[in-house]
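Chain by chain, the residues:
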Amino acid sequence: MGLLIFSTNVTLDGCVDHQEGIADNETHAVFTRLMDGSGAMLWGRVTYEMMESYWPAVARGEAEVPPPMREWAVKLDAKPKYVVSSTRNDFPWNNSHHIAGDLRTGVQNLKDATPAGVLLGSGKLAAELDRLNLIDEYKFLVHLRIVGHGPTLYESGLPSARQLELVSAKPLRNGVVAMHYRRSLAKVARQE
């Protein structure tokens, strides 16, 4: 069974608006390495549609972007992508698959079938999966900005606090800090 890893950009005040982070070659390289180490991507419909509206064109060479962004796009195009949606069931982007039905069962089956792990990149979906105790690790790029607006990480709340263990913290040259946490196994056992 592979791990489910939630990864996102987040500001110091918890904002996860994709337009508020530092989108440069260094941060794209971090996300490319994360994607390379995972067997599949997992998104909610809104994130899928945002990604689908831009990255396939970059992968096809229809947009001028720096080399790390192009590398990301080409790899993302080839990577298996799974989408949770109750309102859409057609996902035409290359190698995209729909997870329908019971969320816990669908995502657990994906984890079981993906030994290299699944990289989750949707905030609202992460909150739902965290409520189901399905997230194993968290890899956040913490941007040294306070933006004063949302959406924010876990703004819909959780039934209880999550105790995490720090695996690593790596500052990047641009000031962003790559944080890697895993769920504390003792706390997970008590929450289930």
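Use the structure listed above.
Predicted model, so just to flag it, every value in this text is computed and none were measured. (Residues numbered from 1 in each chain as written. Predicted model: local features only at pLDDT ≥ 70, side-chain atom pairs only at ≥ 80, totals over all residues. Heavy atoms only, no water.)

1. Here's the deal with the pattern of salt bridges
- Tallying each qualifying case throughout the model produces twelve salt bridges.
- Ionic pairing is found between aspartate 36 and lysine 75, a salt bridge with its closest N-O pair at 2.8 Å. Of this pair, aspartate 36 sits in helix H1 (residues 25-36) while lysine 75 sits in helix H4 (residues 67-78), placing them 39 residues apart in sequence.
- We classify aspartate 36 as partly exposed; its relative accessible area is 41%.
- With a relative accessible area of 27%, lysine 75 lands in the partly exposed category.
- Three or more residues joined by partner-sharing salt bridges are found here, namely Arg45, Glu49, Glu52 and Arg88. (Salt bridge = Lys/Arg side-chain N within 4 Å of Asp/Glu carboxyl O. Helix = DSSP H or I, 4+ residues; strand = E, 2+ residues; numbered from the N terminus. Buried < 20%, exposed > 50% of the residue type's maximum accessible area, 1.4 Å probe, protein only.)

2. Some thoughts on the layout of surface pockets
- Space inside the largest pocket adds up to approximately 1,200 Å³.
- If you go around the largest pocket, you meet 44 residues; those closest to its centre are Val16, His18, Thr47, Met50 and Gly121.
- Counting only elements with at least two residues in the lining of the largest pocket, the list comes to strand E1 (4-11), H1, strand E2 (40-44), helix H2 (45-52), H4, strand E5 (118-120) and helix H6 (123-131).
- Class assignment for the residues of the lining of the largest pocket results in 21 nonpolar, 18 polar and five charged. (1 Å grid on protein atoms, 1.4 Å probe; cavity = no way out; pocket = protein on both sides within 12 Å on 5 of 7 lines; lining within 4 Å. Points joined across faces, edges and corners; volume = space filled by probe spheres on them. Nonpolar A, V, L, I, M, F, W, Y, C, P; charged D, E, K, R; others polar.)

3. Considering the pairing of strand E6 (residues 137-143)
- Counting buried residues along E6, six of its seven residues qualify, which places the element largely inside the surrounding structure.
- Two strands pair when backbone bridges link them, and E1 and E6 are joined in this way by seven bridges, in the parallel orientation. Looking at E6, one finds that asparagine 9 is bridged to leucine 141.
- As judged from the six bridges shared by E6 and strand E8 (residues 177-183), these two strands associate in the antiparallel manner. For leucine 141, the partnering residue across the bridge sits in E8 and is alanine 178. (Pairing = 2+ DSSP bridges.)

4. Quick word on the pairing of E8
- Inspection of the sheet shows strand E7 (residues 164-171) paired to E8 by seven bridges, in the antiparallel sense. When the sheet's bridge partners are listed, leucine 166 is paired in E8 with tyrosine 181.

5. Points about H4
- Spanning twelve residues, H4 covers 17 Å between terminal C-alpha atoms, matching the ideal 16 Å at 1.5 Å per step.
- Burial in H4 covers these residues: Pro68, Met69, Trp72, Ala73 and Leu76. Along H4, the residues classed as buried sweep out an arc of 140° about the axis, all on the same side.
- Those residues of H4 that are buried lie in contact with H1, E2, H2, helix H3 (55-59) and strand E3 (81-84). (Expected span 1.5 Å × (residues − 1). Arc of directions from axis to C-beta. Contact = heavy atoms within 4.5 Å.)

6. Describing unusual backbone geometry
- With an omega of 5°, the peptide bond running from glycine 150 to proline 151 counts as cis.
- Following the sequence through the fold, proline 151 ends up in the loop between E6 and E7.
- Phi at asparagine 133 is positive, roughly 55°, even though this residue is not glycine.
- Summarising the element assignment, asparagine 133 is placed in the loop between H6 and E6.
- Looking at asparagine 133, the relative accessible area reads 14%, which means it is buried.

7. Thoughts on the environment of threonine 27
- Looking at where threonine 27 falls in the secondary structure, it is placed in helix H1.
- Take threonine 27: its relative accessible area is 4%, and that puts it in the buried class.
- Spatially, the C-alpha atom of threonine 27 lies 22 Å from that of glutamate 62, the residues being 35 residues apart in sequence.
- Setting aside residues up to four positions removed in sequence, threonine 27 forms contacts with Ile22, Leu141, His143, Leu172, Asn174 and Val176.

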